[in-house]
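As a plain string of letters, each chain reads:
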Amino acid sequence: MSYMLVLDAGTGSIRAILFNEDGVQLSVAQREWEHKSDPLYPGSMNFDWETNWQIITELIKQVLLETKVDVSQIKSVSATSMREGFVLYDSEGKEIWACANVDARAEQEAIELKKNHSDLENEVYKQSGQTFALGAIPRLLWIKNNQPEIFEQIHTITMLNDWILYRLSGVLQADPSNGCTTGMFDLQTRNWSESIFASCGINPSIRSSVNEAGTFIGYVTQNASNETCLSTNTKVISGGGDAQMASVGAGVIGNHQALVSGGSFWQQELNIDRPILDNEARIRLNCHAVDNLWQIETIAFFPGIITRWFRDSFCEHEKLEAAKMGIDFYELMEQRASTVPAGSYGVMPIFSDLMNFISWRHAAPSFINLSLDTSKSGKHVLFKSLQENAAFVTYGNFKIIEELTGFYPKEVTFVGGASNGKGWCQILADILGIKVNVPVVKESAALGTALYAGVGAGIYSSIEEAVSKTVKIEKSYSPDLKTHQQYLEHYEKWREIYKEQLKLADRKLTSYMWKAPGL
């Protein structure tokens, strides 16, 4: 039996996962990590490469100890990570600066770019599919303005998953699916854009080489072997961004297939066979991890974070009750919410808005239209309204994609933590009005990365073979079309109410839940 090791670096934690060639997860070691804020620089979120590498080596050794797998049978290792976070290196290959995806220090740089170069963001978007909202350009200019001694040393840039592979192999490189989230890639060539670098005052020479996912880039070095106990015969394989790898691990590798990934953020992905950009720059376009495919991506801010906030802020009793019953809190709340009718008695949660990449902001968090009738209120009602809200944003985002492409998905695959809840799966099907498929492996980013690790090691002949061999659907949810029509009416009301709530934040009468830098 052959094995593939995956490092999955999220915003809040890092995991080491060992898979066999049948796509079965044999062991997972996980640890939370923190991204340190520098008090001198508000909004900063530094990535601590020394501490985090130590965590990674310990997790790898933990997996090896738990499984007692012969390391010679671990044929390959690859990595996926949060997108947008990146690492900078000097001419000797030493890390000199790194940030997590949630770093927000470059507010002033984004403002100045928009003010002094009014057409630049649109020009960057036309080539890269990205705006300044999440990209690397304002952050690099922040370094230039605030830490010039570091800026002058920059020799190479990679993403966080590439940094993990660099630590393992000694090879500096990037892949298109994560590299493109910098906003400095050309979508047509799936490579760095020299013209974008130059137009933003950044030296194009810092570009790393680019390899598609599944490319063999080297072997585990002796030094990395000493630190991790991996074999120097283990191949290191190019990986990719977490949302794209999640698509692969869910089997979403064909044209016009669609994915909903339900985690802290919710992403909606539609595969397309050529780059299609929005003239209004509302949506994002990325390179898929699959060569010759791209993905239109829309994002719902914080659905997973919001449900955790609701749990921890209002549901201490229910948490204790669920623990006594030996079930998960969310399972308990879904049971209670199952009696609440579609539309949650008219309660309108105001949290994430539809995606508007060029002018991205969200109204103040709130619940609107609460009832004083105790039979139509309560925590179970609010909980279901939050589930409906995430699905409303998903529906609205897919309608933007339909407006752009003329295509609305015939079915979607649903992955991530939210797909564990039967109630949420059915709500999503009823609001979208299409079948929702939930695969056996719901944390699919790691599986997708493992499959590409297998392709790079020759375990599979292609990603198509890998997916057909390993990805299985656990359950499908069909929509109730009558309920779907009811939800469409609620959706239209929610859109009108949200617009009014956003106006209040725009007038500074309330506070945005989040807004993009520079707005």
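Below is a summary of the structure that appears in this document. Throughout, a residue's number is its position along its own chain's written sequence, starting from 1. Totals for whole chains, interfaces and linings use all residues, but because this is a predicted model, local features are given only for residues with pLDDT of at least 70 and pairs of side-chain atoms are given and counted only at 80 or more. Values shown for side chains rest on all heavy atoms present in the structure; no hydrogens or waters enter the calculation.

### Re the sheet that holds strand β5 (residues 86-89)
A pair of strands is treated as paired once DSSP finds two or more bridges between them. Comment: elements are numbered from the N terminus, with helices defined as DSSP H or I runs of at least four residues and strands as E runs of at least two. With respect to topology, 3 strands assemble into an open sheet ordered β6-β5-β7, the strand pairing being antiparallel. Only two strands of the sheet have a single partner each, and these edge strands are β6 (95-99) and β7 (156-159). For this sheet the average axis-to-axis angle between neighbouring strands, irrespective of direction, equals 20°. Pairing geometry for β5 and β7, over 4 bridges, is antiparallel. In the strand pairing of β7, Tyr89 is matched with Thr156. Sheet strands in contact with helix α6 (residues 160-169) are β5, β6 and β7, and its direction is about 105° off that of β7. Only the stretch in contact is used when fitting a helix axis, every axis being a line fitted to C-alpha atoms; angles between N-to-C directions are given from 0 to 180 degrees. Contacts are residue-level and defined by heavy atoms, with any inter-residue pair within 4.5 Å sufficient.

### Details of helix α1 (residues 49-67)
Compared with the 27 Å implied by 1.5 Å per residue over 19 residues, the 27 Å span of α1 between its first and last C-alpha is a close match. Within α1, burial applies to Trp49, Asn52, Trp53, Ile55, Ile56, Thr57, Leu59, Ile60, Val63 and Leu64. Just downstream of α1, Lys68 is the residue with a positive phi angle, here 55°. For a helix, the expected span equals 1.5 Å multiplied by the number of residues minus one. The cut-offs for exposure are 20% and 50% of the maximum accessible area for each residue type, with area from a 1.4 Å probe on protein chains only; residues under the lower value are buried, those over the upper are exposed, and the others partly exposed.

### What about the pattern of salt bridges?
Think of a salt bridge as a Lys or Arg side-chain nitrogen and an Asp or Glu carboxyl oxygen that are within 4 Å of each other. Taken as a whole and judged by the stated rule, the model has 33 salt bridges. As a salt-bridge pair, Arg284 and Glu84 come within 2.6 Å of each other at their nearest N and O atoms. In this pair, Arg284 sits in strand β17 (residues 284-287) while Glu84 sits in the loop between β4 (74-81) and β5, placing the two residues 200 residues apart along the sequence. On the basis of relative accessible area, Glu84 is assigned to the buried category, the value being 8%. Residues Asp103 and Arg105 are paired through a salt bridge, measuring 2.7 Å at the closest nitrogen-oxygen approach. Taken together, the shared-partner salt bridges in this structure form one network comprising Arg83, Glu84, Asp242, Arg284 and Glu297.

### Describing the pairing of strand β2 (residues 13-20)
For β2, the tally of buried residues reaches 8 of 8 residues, placing the bulk of the element in the interior. Both faces of β2 are covered, namely the face carrying Ser13, Arg15, Ile17 and Phe19 and the face carrying Ile14, Ala16, Leu18 and Asn20. By the bridge criterion, 7 bridges tie strand β1 (residues 3-9) to β2 in an arrangement that is antiparallel. Across the sheet, Met4 pairs through a bridge with Phe19, a residue of β2. In textbook terms, the turn of a hairpin is the stretch between consecutive antiparallel strands, and for β1 and β2 this stretch comprises 3 residues. Relative to strand β3 (residues 25-32), β2 is paired through 7 bridges, and the arrangement is antiparallel.

### Some remarks on empty space enclosed by the protein
The rolling of a water-molecule-sized probe over the atoms marks out the regions of remaining empty space. Buriedness for pockets is judged along seven lines, at least five of which must meet protein on both sides within 12 Å for an open set on the 1 Å grid over protein atoms alone, while cavities are sets there where a 1.4 Å probe fits but cannot get out, and lining residues have an atom within 4 Å of a point. Grid points are joined across faces, edges and corners, and a volume is the space filled by probe spheres set on the points. In this structure the tally under the stated criterion is 1 cavity of 30 Å³ or more. By volume, the largest cavity amounts to about 70 Å³. Broken down by secondary-structure element, the contributors of at least two residues to the lining of the largest cavity are α11 (303-314) and α14 (379-405).

### Notes on the environment of Trp424
Within the secondary structure, Trp424 sits in helix α15 (residues 422-432). The sequence separation of Trp424 and Lys384 amounts to 40 residues, and the corresponding C-alpha distance is 8.5 Å. Residues contacting Trp424, with those up to four places away along its chain left out, are Trp266, Thr307, Glu334, Leu386, Gln387, Ala390 and Ala418.

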